[in-house]
Amino acid sequence: MSSITFDRVSHRFEGAAASGYTLRDIRLTLTESRIGIVGANGSGKSTLVRMINGLVTPTEGSVTVDGLSVKKQAREVRRRVGFIFTNPDNQIVMPTVEEDVAFTLRRRGLSAAEIAERTARTLDRFGLTALADRPAHRLSGGQKQLLALAAVLVAEPAIVVADEPTTLLDARNTRRIQELLRTLSQQLIVVTHQLDLLDDFDRVIVVENGEVVADDRPAIALGAYRALLS
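Below, the structure is looked at part by part. Quick caveat, the model's predicted, so the values are computed rather than measured. Each chain has its residues counted from 1, following the order in which its sequence is written. Confidence filtering applies because this is a predicted model: local features only for residues at pLDDT of at least 70, side-chain atom pairs given and counted only at 80 or more, and all residues used for totals across whole chains, interfaces and linings. Note that the side-chain values use all heavy atoms of the structure and ignore hydrogens as well as water.

1. Considering the overall build of the protein chain
Let me state the cut-off plainly: Helical segments are the DSSP runs of H or I of at least four residues, strand segments are the runs of E of at least two, and each set is numbered from the N terminus. Only protein chains enter the calculation, and the probe is 1.4 Å; a residue is then buried if its accessible area is under 20% of its type maximum, exposed if over 50%, and partly exposed in between. Note on contacts: a residue pair qualifies if any of its non-hydrogen atoms lie within 4.5 Å across the two residues. Under the convention used here, a 1.4 Å probe and the Shrake-Rupley method define accessible areas, while residue burial counts only the protein chains that appear. Positive charges come from Lys and Arg, negative ones from Asp and Glu, while His and the chain ends are left out of the count. A charged residue contributes its charge at one atom only: NZ of Lys, CZ of Arg, CG of Asp or CD of Glu.
The secondary structure content of the protein chain amounts to 7 helices and 10 strands. Oriented by its inertia axes, the alpha-carbon framework of the protein chain measures out at about 50 × 40 × 35 Å. By the burial criterion, 49% of the 230 residues in the protein chain qualify as buried. In the protein chain, the share of contacts with a sequence separation of at least 24, taken over all contacts with a separation of at least 6, comes to 68%. For the protein chain, the exposed surface amounts to about 10,900 Å²; the carbon and sulfur share of it is 46%. Both charge centroids of the protein chain, one from 29 positive and one from 28 negative side chains, sit 3 Å from each other.

2. Comments concerning the packing of helix α3 (residues 97-106) against helix α5 (residues 141-153)
Note the threshold: Helix axes use the C-alpha atoms of the stretch in contact, all axes being lines fitted to C-alpha atoms, and the angles between their N-to-C directions lie in the range 0 to 180 degrees. The cut-offs work like this: below 35 degrees is roughly parallel, past 145 is roughly antiparallel, 65 to 115 is roughly perpendicular, and the gaps in between are oblique. Left-handed describes a crossing whose near helix is turned anticlockwise from the far helix by less than a right angle; the clockwise case is right-handed.
Viewed as axis vectors pointing N to C, α3 and α5 meet at an angle of 30°, and their least axial separation amounts to 7 Å. Of the possible angle classes, the one that applies to α3 and α5 is roughly parallel. The interaxial crossing formed by α3 with α5 has right-handed handedness. Residue-level contacts link Val97, Asp100, Val101 and Thr104 of α3 to Leu147, Ala150 and Ala151 of α5.

3. As for the pairing of strand β8 (residues 187-191)
For the record, the criterion: Strand pairing requires that DSSP identify at least two bridges connecting the strands.
Summarising burial for β8: 5 of the 5 residues are buried, a large majority. Because side chains alternate across β8, one face comprises the buried residues Gln187, Ile189 and Val191, and the other comprises Leu188 and Val190, equally buried. Across 4 bridges, strand β3 (residues 34-38) lies against β8 in parallel orientation. For Gly36, the partnering residue across the bridge sits in β8 and is Val190. Two elements, strand β7 (residues 159-163) and β8, share 5 bridges in a ladder whose sense is parallel. Counterpart to Val160 in the pairing with β8 is Leu188.

4. Overview of α5
What counts here: Here, expected helix span is obtained from the residue count minus one, scaled by 1.5 Å.
With 13 residues, α5 extends 19 Å from end C-alpha to end C-alpha; this agrees with the ideal 18 Å at 1.5 Å per step. In terms of burial, α5 is a largely internal element, 11 of the 13 residues being buried. Among the residues of α5, Gly142, Lys144, Gln145, Leu146, Leu147, Ala148, Leu149, Ala150, Ala151, Val152 and Leu153 are the ones counted as buried. The inward-facing, buried residues of α5 abut β6 (81-84), α3, α4 (112-125), β7 and α6 (171-182).

5. Digging into unusual backbone geometry
Of note, the phi angle at Asp66 is positive, near 50°, even though the residue is not glycine. On the secondary structure map, Asp66 appears in the loop between β4 (60-65) and β5 (68-69). Since its relative accessible area comes to 31%, Asp66 is described here as partly exposed. At Glu164, a position not held by glycine, the phi torsion is positive, near 50°.

6. Quick look at the packing of α5 against α6
Put simply, the rule reads: Residues were grouped as follows: Ala, Val, Leu, Ile, Met, Phe, Trp, Tyr, Cys and Pro as nonpolar; Asp, Glu, Lys and Arg as charged; and all remaining residues, including Gly, as polar.
In contact at an axis separation of 10 Å, α5 and α6 are set at 15° when each is read in the N-to-C sense. The angle between the axes of α5 and α6 places the two elements in the roughly parallel class. In the crossing of α5 with α6, the sense of the turn from one axis to the other is right-handed. Touching Gly142, Gln145, Leu146 and Leu149 of α5 are Asn173, Arg176, Ile177, Leu180 and Leu181, all from α6. When its residues are assigned to classes, the contact of α5 with α6 shows 5 nonpolar, 3 polar and 1 charged.

7. Side note on the pattern of salt bridges
So the rule is basically this: Any carboxyl oxygen of Asp or Glu that lies within 4 Å of a side-chain nitrogen of Lys or Arg is treated as forming a salt bridge with it.
Applying the stated criterion across every chain, the model contains 13 salt bridges. Close ionic contact of Glu114 with Arg118 constitutes a salt bridge, the shortest N to O distance being 3.7 Å. Residue Glu114 and its partner Arg118 are both found in helix α4; the two are separated by 4 residues, about one turn of the helix. Its relative accessible area of 11% is what places Arg118 among the buried residues. Linking Asp215 and Arg203 is a salt bridge whose minimum nitrogen-to-oxygen distance equals 2.8 Å. Of this pair, Asp215 sits in strand β10 (residues 211-216) while Arg203 is found in strand β9 (residues 203-208), placing the two residues 12 residues apart along the sequence. Relative accessible area serves as the criterion here: at 34%, Asp215 is assigned to the partly exposed category. One continuous salt-bridge network, built from bridges that share partners, spans Glu32, Arg203 and Asp215.

By themselves, these figures tell us nothing about what the structure is for.
Here it is, written out as structure tokens:
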């Protein structure tokens with residue numbers, strides 16, 4: 001597995017008062033295969049995971065991925081880290097399903113034949129082959145999230161970060177995305193309110209008011225989180 005390190009990381013948005021930190025003094029090393037991150041809305045959990053591939057930069061401290069500085073070596077880091085947003089419309093960039101899956105590979109210097117083969121294989125894996133020529137933005141919510149996942153995984157990242165990937169989905173599609181996430185061979189970091197997804201994870205981190213307040217096996221960490229909510 002990869003190793004992700006947060007070294008004394010704090011963050012506050014530009015213009016915020018000195019006391020207005022969204023994260024404060026985060027010190028974590030993430031090496032487990034399956035890591036869940038939970039917290040109330042506004043707790044800082046999404047800010048935390050967005051630092052892993054440089055979508056958010058720390059105000060203080062540093063984040064590294066396998067020894068690479070996210071701030072100074074962002075391009076190399078983003079080749080290693082695939083990021084799945086809550087709303088798939090935020091990452092669908094091409095007109096059709098097939099073009100969107102192939103888009104990432106076209107920036108990797110691969111041959112046309114290799115791009116076509118990997119794209120076809122990924123479409124098949126996610127049940128999207130029949131939709132290959134469909135306008136991407138006319139898909140259902142569940143189909144869009146499958147497309148977003150396919151477009152990330154076609155590049156074969158070492159790490160997959162998913163920020164509340166089932167929030168906008170109905171129960172059936174939520175189960176489908178959860179099942180797919182469980183099959184991934186990559187290191188997986190998931191922010192979620194679907195606590196049952198995390199029962200068989202290796203580690204769960206609880207974020208509250210910008211700080212890590214629990215970090216343990218799922219049963220213990222989720223117990224602490226439920227206590228916060230009560």
